[in-house]
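Working through the structure, step by step
What follows is the residue order along each chain.
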Amino acid sequence: MTDRLPPPVAAEPGAKARLSPRKKQRISRAIQYAVLVAIVVGVILYADWGSLAENFAKPDVADKALPELFTVALRNTIIYTVGGFVFSFVLGLVLALMKLSTVRPYRWISTLYIEIFRGLPALLIFLLITFLPLALPGFEVPGGTYGQGILGLGLVGAAYQAEVFRAGLQAVPKGQVEAARSLGMSAARAQVTVIIPQAIRIVIPPTTNQFVALLKDSSLVLFLGVSGEYVELAKFGNDLASQYANATPIMVSGLTYLLVTIPLGHLTTRLEKRKTGVR
Amino acid sequence: MTNAIEIRDLHKHFGKNEVLRGIDCTVETGQVVCVIGPSGSGKSTLLRCVNLLEEPTRGKVLVEGVEVTDPDVDIDAVRRRIGMVFQQFNLFPHMTALQNVMIAQQRVLKRGKKEAEQIARTNLERVGIGDKAGSYPAQLSGGQQQRVAIARALAMGPDLMLFDEPTSALDPELVGDVLAVMRKLAEEGMTMLVVTHEMGFAREVADRVVFMDGGVIVEDGSPDQVIGDPQQERTRTFLKRVLHPEG
Ligand SMILES: Nc1ncnc2c1ncn2[C@@H]1O[C@H](COP(=O)(O)OP(=O)(O)OP(=O)(O)O)[C@@H](O)[C@H]1O
Ligand SMILES: [Mg+2]
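Residues numbered from 1 in each chain as written. Chains lettered and ligands numbered in written order. Predicted model: local features only at pLDDT ≥ 70, side-chain atom pairs only at ≥ 80, totals over all residues. Heavy atoms only, no water.

As a reminder, the rule being used: UniProt positions are given in the numbering used here, feature names are shortened, and annotations may be inferred rather than shown by experiment.
The name that an unreviewed UniProt entry assigns to chain B is ABC-type polar-amino-acid transporter, with the source organism given as Nonomuraea montanisoli. Taken verbatim from the UniProt record of chain B, the Subcellular location (unreviewed entry) comment is "Cell membrane".

Where an unreviewed UniProt entry is consulted, chain A appears under the name Amino acid ABC transporter permease, with the organism given as Nonomuraea montanisoli. According to UniProt, the comment filed for chain A under the heading Subcellular location (unreviewed entry) is "Cell membrane". The UniProt entry for chain A carries the following text under Sequence similarities (unreviewed entry): "Belongs to the binding-protein-dependent transport system permease family. HisMQ subfamily."

**Describing the overall build of chain B**
Short version of the rule: We count a stretch as a helix when DSSP gives it H or I for four or more residues in a row; a strand needs E for two or more, and each element gets its number in order from the N terminus. Atoms counted for the radius of gyration: C-alpha only. Globule rule: 2.2 Å times residue count to the power 0.38. The rule is simple: take the accessible area with a 1.4 Å probe, protein chains only, and divide by the maximum for that residue type; under 20% is buried, over 50% is exposed, in between is partly exposed. Contacts between residues were defined by any pair of non-hydrogen atoms, one from each residue, lying within 4.5 Å. Positive: Lys, Arg. Negative: Asp, Glu. His and the chain ends are not part of the count. Throughout, a charge is located at the NZ atom of Lys, the CZ atom of Arg, the CG atom of Asp or the CD atom of Glu.
Within chain B, the secondary structure is distributed over nine helices and ten strands. The C-alpha radius of gyration of chain B comes to 18 Å, within 12% of the 18 Å expected for a compact globule of 247 residues. Dimensions of chain B, computed from C-alpha atoms along their principal axes, come out at roughly 55 × 45 × 35 Å. For chain B, the proportion of its 247 residues judged to be buried stands at 56%. Pairs at least 24 residues apart make up 65% of the contacts formed inside chain B by residues separated by at least 6 positions. Taken as two groups, the 29 positive and 35 negative side-chain charges of chain B have centres that lie 5 Å from each other.

**What to know about the packing of helix 4 (residues 113–126) of chain B against helix 5 (residues 142–154) of chain B**
Residue and element names in this part refer to chain B. Which entries qualify depends on this criterion: Fitted lines through C-alpha atoms give the axes, limited to the stretch in contact for helices. The angle between two N-to-C directions lies from 0 to 180 degrees. Comment on the angle field: the value is read as roughly parallel under 35 degrees, roughly antiparallel over 145, roughly perpendicular from 65 to 115, and oblique elsewhere. Crossing chirality is assigned from the near helix's rotation relative to the far helix, an anticlockwise turn below a right angle marking it left-handed and a clockwise turn marking it right-handed. We call Asp, Glu, Lys and Arg charged. Ala, Val, Leu, Ile, Met, Phe, Trp, Tyr, Cys and Pro are nonpolar, and the rest, Gly among them, are polar.
The N-to-C vectors of helix 4 and helix 5 enclose an angle of 135 degrees; their axes lie 9 Å apart at closest approach. As the angle between them shows, helix 4 and helix 5 are arranged oblique. For helix 4 against helix 5, the interelement crossing comes out right-handed. On helix 5, the residues that touch Asn123, Leu124 and Arg126 of helix 4 are Val148, Ala151 and Leu154. A per-class count over the contact of helix 4 with helix 5 returns four nonpolar, one polar and one charged.

**So, the site of ligand 1**
All names here are of chain B. Quick reminder of the rule: Any residue with a heavy atom lying within 4 Å of a molecule or strand is counted as near it. Distance and chemistry together define a polar contact, namely a pair of N or O atoms within 3.5 Å, with one atom able to donate a hydrogen and the other to accept it when in protein, and with adjacent residues in sequence counting only for side-chain atoms on both sides. Areas reported here follow the Shrake-Rupley algorithm with a probe of radius 1.4 Å; residue values treat only the protein chains shown as occluding.
Not every one of the 13 residues close to ligand 1 is listed here, only the nearest: Ser39, Gly40, Lys43, Ser44 and Thr45. Lys43 places a polar side-chain atom, nitrogen or oxygen, 2.8 Å from an oxygen atom of ligand 1. In this structure, Glu165 approaches ligand 1 through a side-chain N or O atom, which is 3.1 Å from an oxygen atom. Burial of ligand 1 by the surrounding chains reaches 61%, relative to a free accessible area of 640 Å². Considering each element in turn, the shell around ligand 1 owes the most residues, three residues, to helix 1 (residues 43–50). Considering only residue class, the shell around ligand 1 consists of three nonpolar, seven polar and three charged.

**Some words on empty space enclosed by the protein**
Formally: Put simply, the grid is 1 Å and covers the protein atoms alone, a cavity is a trapped set of points that fit a 1.4 Å probe, a pocket is an open set with protein on both sides within 12 Å along at least five of seven lines, and lining residues have an atom within 4 Å of a point. Grid points are joined across faces, edges and corners, and a volume is the space filled by probe spheres set on the points.
Per the stated rule, a full pass over the model turns up one cavity of 30 Å³ or more. If you add up the space inside the largest cavity, you get close to 30 Å³. Residue classes in the lining of the largest cavity are distributed as five nonpolar, two polar and two charged.

**Let's talk about the pattern of salt bridges**
The test is simple: Definition used for salt bridges: Asp or Glu carboxyl oxygen within 4 Å of a side-chain nitrogen of Lys or Arg.
Counting across every chain of the model gives 20 salt bridges over all chains. Measuring nitrogen to oxygen at the nearest pair gives 3.3 Å for the salt bridge that ties Glu163 of chain A to Arg166 of chain A. Of this pair, Glu163 of chain A and Arg166 of chain A both sit in helix 7 (residues 144–171), three residues apart, which is roughly one turn of the helix. The same class applies to Glu163 of chain A as to Arg166 of chain A, namely buried. Where Arg208 of chain B meets Asp220 of chain B, a salt bridge forms, and the shortest distance between an N and an O atom there is 2.9 Å. You can see Arg208 of chain B sitting in strand 9 (residues 208–213) and its partner Asp220 of chain B sitting in strand 10 (residues 216–221), a full twelve residues away along the chain. Judged by relative accessible area, Arg208 of chain B falls into the buried class, the value being 15%. Taken together, the shared-partner salt bridges connect Lys174 and Glu178 of chain A together with Arg48 and Glu54 of chain B into one network.

**Side note on the UniProt feature "transmembrane region" (unreviewed entry) in chain A**
As recorded in UniProt, the feature "transmembrane region" (unreviewed entry) lies at residues 30–49, 78–98, 119–136 and 250–269 of chain A. End C-alpha to end C-alpha, residues 250–269 of chain A measures 28 Å, and it is 100% helix and 0% strand.

**Let's talk about the environment of Ala199 of chain A**
All names here are of chain A. By secondary structure assignment, the location of Ala199 is in helix 9 (residues 187–217). Ala199 sits 29 residues away from Gln170 along the chain, and the two C-alpha atoms are 8.1 Å apart. If we ignore the near neighbours within four places in the chain, the residues touching Ala199 are Gly168, Leu169 and Val172.

**Considerations on the pairing of strand 2 (residues 17–27) of chain B**
Residues and elements named next belong to chain B. Put simply, the rule reads: When DSSP finds two or more bridges between a pair of strands, those strands are recorded as paired.
With eight bridges connecting them, strand 1 (residues 5–14) and strand 2 associate as antiparallel partners. Paired with Glu6 across the bridge in strand 2 is Thr26. Counting the residues that bridge the hairpin from strand 1 to strand 2 gives two residues, and of these Gly15 lies at a positive phi of roughly 60 degrees.

The following block contains the structure:
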């Protein structure tokens, strides 16, 4: 094999011309395609498509999921998520302001909270919530099952949301307050007119991410031992799957999650782009 | 007649770091005073003590005869009369140039929208960027942004203006536009305290030049004295470095 072009690095005379980087890249890509084709062919030939369809995509079982899939399960998922989101938004804002406070004990409390609730699995928090009535006799989480689910999601979400808010407020450069103050604005006026509008812009994309995370975590409500009218998507799919000994309802639930999470994900990407671009 | 700025025995410490160590300085109404000096000598801190972005540790600052270091003084009211221009422009990025110049007029001076907009447009014209009123800061060059920042300060109708290295963050070819605006302001009789490394500007425009080093004023006099014929060794060393950076 001979190269027309001289090798990029001067080779010693007599040494065989090595492959040019471009050629190497082409060969590597051809190999990757070959591997892909081999795997796809293998899967097509050896998978038992009949059995797979029978277990994961059986139309008449999927049919059984309607209309409760939307009228009960999705509705409840949204109730738990939105409730938990509002809870975590408010508590998160309070925690963020505490963390930025000049009063040291506030900072300690906020840091402690954030470390604990971010460090524990969300599932553990839900399990603990089911034991609350045992620990505090006579105590009931207001709102019953909804209340418990929202509390669990809110407590966990607040820790993450607090960090989102703190980062957003701190991301506004110090010069912004100084410019505002030098124009004669009071500290509060500067916050309202200059800092918070900028912080909100910064915080919107990660907050949408937080919402998606809560939506997925709402499946943990499953562990609160809910039933009947309180079931959300994951529990709903799981119950039907057990009933018919068929995984199709779980697939249907999954698709329903994606129906919400994928558009939200795209929205986040759009918002992030808008933030970095020229308005 | 009262002086625009009077600084008496001003000290500023950051923890153990004594940044200003007894500054005495007066700026008469209508004067342009340029402050020069090496990095870290306390020039910005001095400027920021005048409008209390930094709180002096000790000493007095009087602006138009009002002691701003008095704890009972309404600092927001004092700042309204002092325009400040920053090295990094510090425009509000979520507002257009026009809104940047209007917002404090509306929120602080309580001017109506119409009046604020008219004053804003006049001041944007004044700094030569009337056609950029609708642009966001990110769409403007550094020189244009700095001129918006100057217009924003001027729209408040300040008695005096503070400039902290207004051209240091600019590409060399944009420096001239901003200096031209400042020169015009000086000709119109604006009182200006300017931290700058632009020796040409200081020589031509300043009534007085102050050389600072290590938190004290080393030399204070006319531009011809301080830049043209410095008496102190420290001033000479500094000027040699600034005027002949290669040497
Ligand atoms: N907020 C602050 N906290 C602590 N130290 C500070 C603060 N601001 C300034 N300093 C210190 O004060 C000293 C003087 O800073 P200053 O910004 O006034 O200098 P400068 O003369 O403006 O320098 P430059 O030409 O680099 O802008 C520096 O040592 C700096 O580290
Ligand atoms: Mg400085």
